[in-house]
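The residues making up each chain are set out below.
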Amino acid sequence: MIFTQYYLDCLSHASYLVGDETTGRAVVIDPQRDISEYINDAGAQGLAIERVIETHVHADFLSGHLELASRTGAVISYGETVDVDYPIERLADGNTLSLGNVKLLVLATPGHTPESISIVVYEHADDHIPYGVLTGDTLFIGDVGRPDLLSSAGISADELARALYHSLREQLLPLPDITRVFPAHGAGSACGKQLSTETQSTIGEQRAHNYALQPMGEDDFVALVTESQPLQPGYFSFDAQRNREAHSLLEEETPPAPMTIDDVLAAQREGAVVLDTREPAAFAAGHLRGAINVGLQGRFAEYVGDVLGADEPIVIVADPGAGLEAKVRLARIGFDQIAGVLDEPLSAFLARPDQVVRSSRLTAHELADRVARVDALQVLDVRNPAELAAGAMTGARSAPLPRLNAELEQLDPTRPTVVYCESGYRSAIAASVLAARGFDDVSDLLGGYEAWRALDEART
């Protein structure tokens, strides 16, 4: 058997290639949208990808099932209750798929979504002990899938949580303890609240240590898994719907079209968003008026999805050679409305200095001085609710990044405003959003709340 796990850190997403080296037949499970790595690896190992299996309709990324089907002719498969707009082959509980010696067994495991399935992998068809189980978003390392993402679609969190309780206890926990567990997500994903940084485990380890798998009744389980879930990023509902639709395919090797500064300014006047993907320090030193800064480091696409709409045309500003990376990473969450990329940004800024502005960034000492001197100061905390347990600045207003745009009407754009997060990355994003929305005096806190707390402790 050939078994490969792919892990995309920026979206905490795991996908899998499973193949039989004796027959050359292979499947890909839960693929990311840019598919070249699967194609290249399969080709290098003499495998033909004949099927794409989705464990469920994903909400946190746009899957690559259509791209793989187009490139390889692979059949797309989901659980039998799914509703999508393109041809699929449905997989019911108990179905088996043979790749030759390698056998896959389908388990219906609803709970995160109604159509969720898990795939039990046997290295040899007559093995009694599975090699592992691909659990999608039903079972994570240290957690289980959240059941509340479909509330807006009329399916209650309570209903799905009860289905999840039975899926875990009746379908997955009966597997042998040594069965490896391979989930679709890890730490950082908003699809659960306590995901581990580990990317694989075993049924036995999860039985012993996963809080949601401890002995408890159904009602207690429902209460446990429905409380304190992280905020749902703004793009989740868009991706969940987009993954059900036949849509345009990603051309992952085609960079966005270069644009002159005049082209960019014209597009901006017509409603395009200028998305500056450079590091916050470079953005602060000089950027186009009205641009929004989301640096390419870290969870770039997720944060773009928090502050921009999927239907907004985007002009990318990037360091030389980074335009294609920005395009592909945006495409991973279905943000395909890319008008182009600013050609040679530094030369463009020099050519139009009237369109270039700087950003204010404060140290913790500078913020302390401003707090003492400016009575009208408006302080915004854009961390997630769970992070507030570590403390917050006195008088700060909580506006988590996924809710920032909804909070704008509650803020005064004429008051001096300082934004902070945990370490400084999200606050740079939020400050640029406020400035683009007409706030007169906006700064973000260098080093975030960690820097402020260190200063506060030093003074006491």
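Residues numbered from 1 in each chain as written. Predicted model: local features only at pLDDT ≥ 70, side-chain atom pairs only at ≥ 80, totals over all residues. Heavy atoms only, no water.

(A) Here's a closer look at the nonpolar core. Within the largest apolar cluster, 51 residues are counted, with the highest numbers of intra-cluster contacts made by V294, F300, L308, F335, L404 and L434. When contributions to this core are tallied by element, the ones reaching two or more residues are α6 (236-242), β14 (273-276), α9 (300-307), β17 (314-317), α10 (323-331) and α14 (425-436). Looking at this core, the element that brings in the most residues is α14, giving 6 residues. Residue contacts for F335: discarding those within four places in its chain leaves Y235, F238, V304, G305, L308, G309, A310, I314 and L330. (Core = buried A, V, L, I, M, F, W, Y, C linked by side-chain atoms within 4.5 Å. Buried < 20%, exposed > 50% of the residue type's maximum accessible area, 1.4 Å probe, protein only. Helix = DSSP H or I, 4+ residues; strand = E, 2+ residues; numbered from the N terminus. Contact = heavy atoms within 4.5 Å.)

(B) Representation of the pairing of strand β4 (residues 48-53) in the model. Here 5 bridges tie strand β3 (residues 25-29) to β4, and the two strands are oriented parallel to one another. Each bridged residue has a counterpart across the sheet, and for R25 the counterpart in β4 is A48. Strand direction decides the pairing type here: β4 and strand β5 (residues 75-79), joined by 3 bridges, are parallel. Note that in β5 the partner of R51 across the bridge is V75. In this view, the connection linking β4 to its parallel neighbour β5 by way of helix α2 (residues 65-72) has right-handed handedness. (Pairing = 2+ DSSP bridges. Right-handed = clockwise from strand over helix to strand, strands pointing away.)

(C) Expanded view of the packing of α9 against α10. Between α9 and α10, whose axes approach to 9 Å, the crossing angle comes to 65 degrees. Classed by the angle they form, the pair α9 and α10 counts as roughly perpendicular. Between α9 and α10 the crossing geometry is right-handed. Within the contact between the two elements, α9 uses F300, A301 and V304 and α10 uses A326, R329 and L330. Residues that form the contact of α9 with α10 fall into these classes: 5 nonpolar, no polar and 1 charged. (Axes fitted to C-alpha atoms, helices over the stretch in contact; angles between N-to-C directions. Parallel < 35°, antiparallel > 145°, perpendicular 65-115°, else oblique. Left-handed = near helix turned anticlockwise from the far one by under 90°. Nonpolar A, V, L, I, M, F, W, Y, C, P; charged D, E, K, R; others polar.)

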